[in-house]
Every structure is written in C-alpha cells, then in structure tokens.
Amino acid sequence: MNVDALTPEYFADNPARDARFEVKERWIECPNLSGEHPQHQLEFFQRQMNEEVNSIESSARCLTDFPEADWELRLEFARQCADEARHAVMFREILESRGGHVGQFPVLNFQYRIITKCPTLVGRLTIQNRSFEAGGIDAITFGISAAKAEGDFVLAELYEAQLADEINHVRFANHWIRRFIAENRRCLLDIGAALTHASKAFLEVMGKEGTEGVTYPVDVTSRLDAGFTLNEIELDDLILATHPTAAASQPVPS
Ligand SMILES: [Fe+2]
Ligand SMILES: [Fe+2]
C-alpha cells in the first residue's frame, strides 16, 4: 500500500525490532480485523504486546535522556519499565496460549515515536502517562467488563493486573507534573506544546478511520485513584468528546 510519509517534525525514528516484526507507519496499513473476525483478538494481543514494549522503551529513554532528573522520579521510571515488561510478557503469553505468535500481524510504534520526539521531561510525562495511559485506564476498565460478560475470566484477570499498574503510572505523572508546575510555571508552556504535538501526530498516524467511534466511558473511580481531580476529570470528559488522543490510545480491548 502506498501511503504518505509521516511528518518528520512529529516523529522520532522507530525503535529497533528484530526480523519477526513487520513495522508499519500508519493505522490504515494494519489489518485492523473486525470484531467478528476469528483472529481479531490475536491481532489485538500482539499489537498490545508491542505497545507495552513501546512503553518500556519510552520510560527507559526518560532515564537516559534526562539523567539530571530527581532520583525519586527516575526510580518511578525504572519501576514503570519493570511493570511494562511484565505486561508485555502477559500479552505474549495470552497471545501464544490462544494460538497466535509474535510477528503474526504488523505493528505500529507511534507511541515511542511521538513521546521521544518531545524534548522536555514534563512534556513526555504529559503525553505518555497522563494522556496515552490515562486513556488506557478507561479502555482497560471497559475491557474488564466486556471480558467478564463473555465469561473470559483469564482475560479479565490479565486486564485487572494491568489496570492496577497503569493507575500507578498515571498517578506518579500527575504528582510530578504538579510539582514541576509549582516549581516553575513556565513549564505550562511545555505541557501545552507537548499536547499540541501529540494531538497532531496521533491524528496523522491514526487518521479518521482509526479514531472515529473509538471512545470509552471515563472511569471516574480509577482516574481519581490515579491523581486526577474531579474538575480535571470533567474537563477531560469534555476533551475526550472532541479530542481523540487520550480516548483512542488503545484499540478496542477485546
Ligand atoms: Fe502497560
Ligand atoms: Fe503504563
């Protein structure tokens, strides 16, 4: 398929992948099997496994690119790497236990490419943890209910374990973003620039096809647990209605 190249100002280079992986640039180049397709769930598991690896790589880059950051924040990134590695293994195991294999479907690395293009640490926390992962919380909560409704308790348990960790990742980001703002209000400009960059880049990767109709109800309880205030949740709810970055950071999790 011939597709336009992505705007280089919005995207870092792809992370390394071995020969098993077929890496695509845009959502429309992936199969995106419909919910009725027998391999729909396998495609999701493999894509999600790769997205978890993107999260490891992005958090690891926060360690290597910002060595001067507070030790407590660096410890959070190190813990996040361990959590995301556990998630990648969980998704690989469920993929293989249901007859799939690594490399079976193409993957995208848009998360890593957008996050690591951002030059500021507060911006990366905003994009990765407070936008992509906060959107992920809503998607996982939806996935837990859907899996239970289908009697798939193995998958529901996987999502529950993942959710507990993702709430933590969003919570530490909220804590540190507030601290950065309290220390220097100019970083609000960095946050705004990061959100604008992520929004434009995300829409370029996903296109209208990948974002239309992909929204999940806001999981208010988990978001409160993750350090959002009620005001922020209501504001996010409004943003989600018009702004797909957070809502569609995960494909339909079932
Ligand atoms: Fe994760
Ligand atoms: Fe995470």
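Owing to the predicted nature of the structure, the values given are computational and were not obtained by experimental measurement.

**Q** Explain the overall build of the chain residue by residue, including any values.
**A** Assigned secondary structure in the chain consists of nine helices and two strands. Going from N to C terminus, the chain has its helices and strands arranged as β-α-α-β-α-α-α-α-α-α-α. Scaling as 2.2 N^0.38, a compact globule of 254 residues should have a C-alpha radius of gyration of about 18 Å, and the chain matches this with 17 Å. In terms of overall dimensions, the chain has C-alpha extents of about 50 × 40 × 35 Å along its principal axes.

**Q** Please set out unusual backbone geometry residue by residue, giving values where relevant.
**A** Note: most peptide bonds trans; most residues except glycine with negative phi. One non-glycine residue, Asn32, lies in the positive phi region at around 50°. Tracing the chain through its elements places Asn32 in the loop between β1 (23-24) and α1 (40-65). Residue class for Asn32 comes out partly exposed when judged on the 17 C-beta atoms lying within 10 Å of it.

**Q** Residues and numbers for the packing of α1 against helix α2 (residues 71-97), please.
**A** One way to put it is that α1 packs onto α2 with a least axis distance of 8 Å and a crossing angle of 165°. Regarding the angle of α1 to α2, the classification is roughly antiparallel. For the crossing formed where α1 meets α2, the hand is left-handed. Taken together, the residues that form the contact of α1 with α2 break down as 16 nonpolar, six polar and four charged.

**Q** Please set out the nonpolar core residue by residue, giving values where relevant.
**A** Counting residues in hydrophobic clusters, the biggest one holds 26 residues, and the most contacted among them are Ile137 and Trp176. Those elements that provide at least two residues to this core are α2, α4 (121-149) and α5 (153-183). If you tally residues by element for this core, the top one is α5, at 11 residues. Beyond its immediate stretch of four places on either side in the chain, Trp176 contacts Leu73 and Leu125. Ile115, Ile127, Ala194 and Leu195 belong to the second-largest nonpolar core, a separate cluster that totals 17 residues.

**Q** Now, about the environment of Ala12: what can you tell me, with residues and values included?
**A** Along the chain, Ala12 turns up in the segment before β1. Separated by 98 residues in the primary sequence, Ala12 and Phe110 have C-alpha atoms spaced 9.0 Å apart. Sequence-distant contacts of Ala12, that is, excluding residues within four places in its chain, are made with Arg113, Thr116 and Lys117.

**Q** Tell me what's going on with the confidence of the model for the chain, and back it up with residues and numbers.
**A** Caution applies to low-pLDDT regions: their predicted coordinates should not be interpreted in detail. With 91% of its residues at a pLDDT of at least 70, the chain reaches an overall mean of 91. Counting interchain partners and residues more than four positions distant, the pLDDT-below-50 stretch residues 240-254 has 43 contacts.

**Q** Describe the environment of Asp138, naming the residues involved and giving the relevant values.
**A** Locating Asp138 in the fold gives a position in helix α4. Residues Asp138 and Met206, spaced 68 residues apart in sequence, show a C-alpha to C-alpha distance of 19 Å. If near-sequence neighbours (up to four positions away) are discounted, Asp138 is found in contact with Tyr216, Pro217, Val218 and Asp219.

**Q** A description of the packing of α2 against α5 should follow, citing residues and the corresponding values.
**A** Packing of α2 against α5 brings their axes to within 11 Å, and their N-to-C directions diverge by 160°. Judged by the inter-axis angle, α2 sits roughly antiparallel to α5. α2 and α5 meet at a crossing whose hand is left-handed. Here Leu73, Glu76, Gln80, Asp83, His87, Met90 and Ile94 of α2 lie close against α5, whose contacting residues are Leu155, Leu158, Ala161, Gln162, Asp165, His169, Phe172 and Trp176. Within the contact of α2 with α5, the residues separate by chemical class into eight nonpolar, four polar and three charged.

**Q** Which residues make up the environment of Arg223, and what are the values?
**A** The residue Arg223 is located in helix α7 (residues 220-225) in this model. Given 24 C-beta atoms within a 10 Å radius, Arg223 is considered buried. Note: C-alpha distance between Arg223 and Val3 (220 residues apart in sequence) is 37 Å. Ignoring sequence-local partners within four residues, the contact set of Arg223 consists of Ala134, Ile137, Val218, Phe228 and Ile233.

How each quantity is defined
- Residues numbered from 1 in each chain as written.
- Chains lettered and ligands numbered in written order.
- Predicted model: local features only at pLDDT ≥ 70, side-chain atom pairs only at ≥ 80, totals over all residues.
- Helix = DSSP H or I, 4+ residues; strand = E, 2+ residues; numbered from the N terminus.
- Rg over C-alpha atoms; globule rule 2.2 N^0.38 Å.
- Buried ≥ 20, exposed ≤ 12 C-beta atoms within 10 Å, placed from the backbone.
- Axes fitted to C-alpha atoms, helices over the stretch in contact; angles between N-to-C directions.
- Parallel < 35°, antiparallel > 145°, perpendicular 65-115°, else oblique.
- Left-handed = near helix turned anticlockwise from the far one by under 90°.
- Nonpolar A, V, L, I, M, F, W, Y, C, P; charged D, E, K, R; others polar.
- Core = buried A, V, L, I, M, F, W, Y, C linked by C-beta atoms within 7 Å.
- Contact = placed C-beta atoms within 7 Å.
- pLDDT = per-residue confidence, 0-100.

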